[in-house]
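A closer look at the structure
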Amino acid sequence: MTFFTEFGRYLLTLRGMFTKPENGKMYWKEFMHQCSEIGIGSLGIVAIISVFMGAVSTLQTAYQLVSPLIPLSTIAQIVRDTVILEFSPTLVCIVLAGVVGSKIASELGNMRVSEQIDALEIMGINTKSYLILPKLLAATAVIPMLVVISMVLGMVGGRLAGTLTGILSPAAFDKGLHQYFKPYNVFFAMAKSYTFAFIISSIPAYYGYNVQGGALEIGRASTKSVVVSCVLVLFADYVLSAILL
Amino acid sequence: MIEIKNIKKGFGEKIVIDDVSTEFRTGKCNLIIGTSGSGKTVLMKCLVGLFEPDAGEIVYDGMNFSEMTEEHRKELRQNIGMLFQGSALFDSMTVEQNILFPLDMFTKNTPGEKLKRVDEVLDRVNLQGANSKFPAEISGGMKKRVGIARAIVLNPRYLFCDEPNSGLDPQTSLLIDKLIKEITLEYNITTVINTHDMNSVMEIGDHIMYMYQGHKEWEGTNKEIIFSKNKLLNDFIFASEFLRDAKDMRMLEVKGKIDNNRNMDELLK
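Residues numbered from 1 in each chain as written. Chains lettered and ligands numbered in written order. Predicted model: local features only at pLDDT ≥ 70, side-chain atom pairs only at ≥ 80, totals over all residues.

As for the confidence of the model for chain B
Low-pLDDT portions of the prediction should not be read for the details of their coordinates. All names here are of chain B. Selection criterion: pLDDT measures the predictor's confidence residue by residue and takes values from 0 up to 100. Secondary structure follows DSSP: runs of H or I at least 4 residues long count as helices, runs of E at least 2 residues long count as strands, and numbering of each begins at the N terminus.
Confidence in the prediction for chain B averages 86 pLDDT; 90% of positions are at 70 or higher. The weakest mean pLDDT in chain B belongs to helix H10 (residues 241–268) at 62; the strongest belongs to helix H3 (residues 95–106) at 93. At the level of chain-chain contacts, confidence expressed as ipTM amounts to 0.82, with global pTM at 0.85.

In structure tokens, the structure reads:
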């Protein structure tokens with residue numbers, strides 16, 4: 001299948017989501033369920049990678065900053081900006097592309113193969129709208145929150161690593177966190193988070209929804225959706241950096 | 001009643017359904033039979049709108065399905081129940097939640113009324129007390145019965161069953177057939193069944209359409225099928241030696257009855 005055919009089908013799938021819900025209450029229930037699945041379900045892994053990401057950043061920055069002319073608080077400043085600008089939005093979203101993306105693709109793929117989607121269609125439900133839209137909205141609502149949590153935990157991890165290893169004092173780290181802080185960086189990180197959240201929910205939903213075949217194809221769709229999502233996240237990261245920075 | 005008129009459907013170069021017309025009557029079990037790949041499932045998917053026919057018309061009680069807008073189709077679909085080959089139950093939901101789902105989506109009943117209706121249909125399919133079980137915890141026959149319960153919970157006017165007996169033992173198959181037949185009569189609905197099962201053909205086939213390579217090869221009732229002289233149909237129905245012998249015995253039995261009646265008539269004269 002050519003790129004344009006695939007892209008066209010992707011757009012048609014997205015367009016099909018926007019119809020009047022059969023029952024708003026049921027859609028809201030599904031939205032809340034997905035918020036919990038994506039948000040609470042990914043919180044553990046996000047917390048772990050964020051703490052270690054911050055800790056490793058501190059150690060590596062300290063290792064590279066050997067000049068006595070540079071104050072130690074600069075380490076915290078570099079860690080803060082790296083975490084906010086790149087690590088939290090991009091790295092966390094790439095991990096979430098694997099965690100959330102594969103779950104969405106395999107869930108929808110399994111529903112397609114076991115005729116559950118057909119069963120919903122026959123009941124008179126717009127399956128694109130009922131199955132994809134709540135996932136997409138939930139991801140867009142929850143993933144930026146996870147990114148914010150990741151930012152905080154990344155800096156906590158950096159502070160812990162810096163102070164426990166004796167590289168810099170807690171006071172120096174806190175001073176570094178405050179110096180030359182640009183709120184625009186947070187705006188930039190949020191813009192990236194929303195874009196990535198859309199990518200890592202809509203691409204797997206497209207591949208999962210359109211699975212044809214059996215268990216093998218579900219696995220293939222899941223893998224393909226994660227690969228495509230990761231590539232698109234990196235591409236979008238570059239484009240947004242070029243435009244917004 | 002559902003009328004289909006000159007339905008055609010193909011995928012690429014391959015024609016899967018070729019100019020099929022028939023009527024599926026209300027209050028009857030209408031069976032579509034045929035070998036694998038004869039187009040039965042595609043025809044059923046065209047009937048319920050999962051596939052769009054290339055040509056022809058599908059008319060539900062005077063309403064042309066082929067010309068309906070998506071909104072009208074949605075309304076009509078609330079009058080359609082379907083039992084899938086693999087039951088198609090929602091894995092993450094319990095039996096009760098599976099049956100509640102259409103009620104939650106399409107009715108404004110109170111939670112108490114909905115639960116009462118769930119218990120009613122579960123009772124109807126003899127699955128009392130299975131409310132809290134998950135599909136993975138119940139047998140194939142029970143899954144089919146939950147599928148039937150979900151299909152009838154909104155009191156549909158049309159019931160479609162895609163191979164309701166596949167993967168079931170003969171005894172459970174008979175129970176499912178009996179249940180479908182009873183529900184068809186009780187609710188006076190138009191039931192269309194895709195099947196390979198010869199027991200179903202003989203037991204509940206009020207109206208049977210035999211499909212061969214995408215076209216309608218034969219049409220009749222379960223009483224007429226025994227005496228059909230259509231070679232393709234006979235090869236399909238009486239594929240085993242046992243069934244051929246059974247057919248011969250049945251024909252001899254009927255012939256004997258006719259001869260006896262003749263003798264009686266002659267004696268009476």
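Resuming the write-up.
Some thoughts on the pairing of strand E8 (residues 190–195) of chain B
Residue and element names in this part refer to chain B. Where we set the bar: Neighbour density around each residue's C-beta defines its exposure: 20 or more other C-beta atoms within 10 Å make it buried, 12 or fewer make it exposed, and counts between make it partly exposed, where C-beta atoms are placed from the backbone. By this definition, two strands are paired if DSSP reports at least two bridges between them. With its strands directed away from the observer, a crossover is right-handed exactly when the path from the first strand over the helix to the second travels clockwise.
With six of six residues buried, E8 lies mostly within the body of the structure. Note that strand E3 (residues 29–34) and E8 share five bridges and pair parallel. By the bridge assignment, Ile 32 is partnered in E8 with Asn 194. Of the crossover connections in this fold, the one passing from strand E7 (residues 158–162) over helix H6 (residues 170–187) to the parallel E8 is right-handed.

A closer look at the interface of chain B and chain A
Just so we agree on the cut-off: Note that contacts rest on C-beta atoms placed from the backbone: two residues are in contact if these are within 7 Å. For this classification, the nonpolar set comprises Ala, Val, Leu, Ile, Met, Phe, Trp, Tyr, Cys and Pro, the charged set comprises Asp, Glu, Lys and Arg, and every other residue, Gly included, is treated as polar.
Facing 15 residues of chain B, the contacting portion of chain A comprises 13 residues. Counting residues per element, the ones that place at least two in the side of chain B that touches chain A are helix H2 (70–77), strand E6 (80–83) and H3 of chain B. The element contributing the most residues to the side of chain B that touches chain A is H3(B), with four residues. Among the residues forming the side of chain B that touches chain A, the class breakdown is 10 nonpolar, two polar and three charged.

Some words on the sheet that holds E7(B)
All names here are of chain B. To be explicit about the condition: For helices, the axis comes from a line fit to the C-alpha atoms of the stretch in contact; other axes are also lines fit to C-alpha atoms, and the angle between any two N-to-C directions lies between 0 and 180 degrees.
As summarised here, the arrangement of the six strands in space is E6-E7-E8-E3-E9-E10, forming an open sheet in which the pairing is mixed. Both edges of this open sheet fall to E6 and strand E10 (215–220), since each of them pairs with a single strand only. Direction aside, neighbouring strands of the sheet carry axes that sit 20° apart on average. Here four bridges tie E6 to E7, and the two strands are oriented parallel to one another. By the bridge assignment, Ile 80 is partnered in E7 with Tyr 158. The strands touched by helix H5 (residues 140–152) are E6 and E7; relative to E6, the strand with the most contacts, the crossing angle is about 175°.

Regarding H6(B)
Residue and element names in this part refer to chain B. Heads up, the rule is: Given the number of residues in a helix, its expected span is that number minus one, multiplied by 1.5 Å. The directions considered for the arc are those from the helix axis to the C-beta atoms.
Between the first and last C-alpha of H6 there are 26 Å, a value that for 18 residues agrees with the 26 Å anticipated at 1.5 Å per step. Taken as a whole, H6 has its buried residues at Ser 173, Ile 176, Asp 177, Ile 180, Ile 183 and Thr 184. An end-on view of H6 places all buried positions within 130° of arc, on one side of the element. Along H6, the residues that are exposed and aim more than 90 degrees away from the buried face are Gln 171, Lys 178 and Glu 186. The inward-facing, buried residues of H6 abut E3, H5, E7, E8 and helix H7 (198–204). Looking at the residues trailing H6, positive phi occurs at Asn 188, about 50°.

Side note on the nonpolar core
Our working definition: The nonpolar core is taken to be a set of buried Ala, Val, Leu, Ile, Met, Phe, Trp, Tyr and Cys residues joined by way of C-beta atoms within 7 Å.
Judged by nonpolar contacts, the single largest core of 119 residues is most densely connected at Ile143(A), Ile200(A), Leu43(B), Leu47(B), Met82(B), Ala149(B) and Phe160(B). When residues in this core are grouped by element, the largest group, 17 residues, is from helix H3 (residues 73–113) of chain A. Not counting chain neighbours up to four residues away, the residues in contact with Ala149(B) comprise Ile99(B), Val121(B), Leu122(B), Arg124(B), Val125(B) and Leu127(B).

A look at the packing of helix H2 (residues 24–64) of chain A against helix H5 (residues 127–164) of chain A
Residue and element names in this part refer to chain A. Quick note on the threshold: Here roughly perpendicular refers to angles of 65 to 115 degrees, roughly parallel to angles under 35, roughly antiparallel to angles over 145, and oblique to all remaining angles. Take the far helix as the reference: if the near one is turned anticlockwise from it by less than a right angle, the crossing is left-handed, and if turned clockwise, right-handed.
Two numbers describe how H2 lies on H5: the axes approach to 6 Å, and their chain directions differ by 25°. In terms of axis orientation, H2 runs roughly parallel to H5. Handedness of the crossing formed by H2 with H5: right-handed. Here the residues of the contact of H2 with H5 are counted per class, giving 26 nonpolar, 12 polar and two charged.

What to know about the environment of Lys224(A)
Following the sequence through the fold, Lys224(A) ends up in helix H8 (residues 215–244). The class for Lys224(A) is partly exposed, based on 14 C-beta atoms found within 10 Å.

Some words on the pairing of E3(B)
Residues and elements named next belong to chain B. Burial of E3 is extensive: six of the six residues sit out of reach of the surface. Along E3, one buried face is formed by Cys 29, Leu 31 and Ile 33 and the opposite face, lined by Asn 30, Ile 32 and Gly 34, is buried too. Taken together, the five bridges between E3 and strand E9 (residues 207–212) define a ladder with parallel strand orientation. Across the sheet, Asn 30 pairs through a bridge with His 207, a residue of E9.

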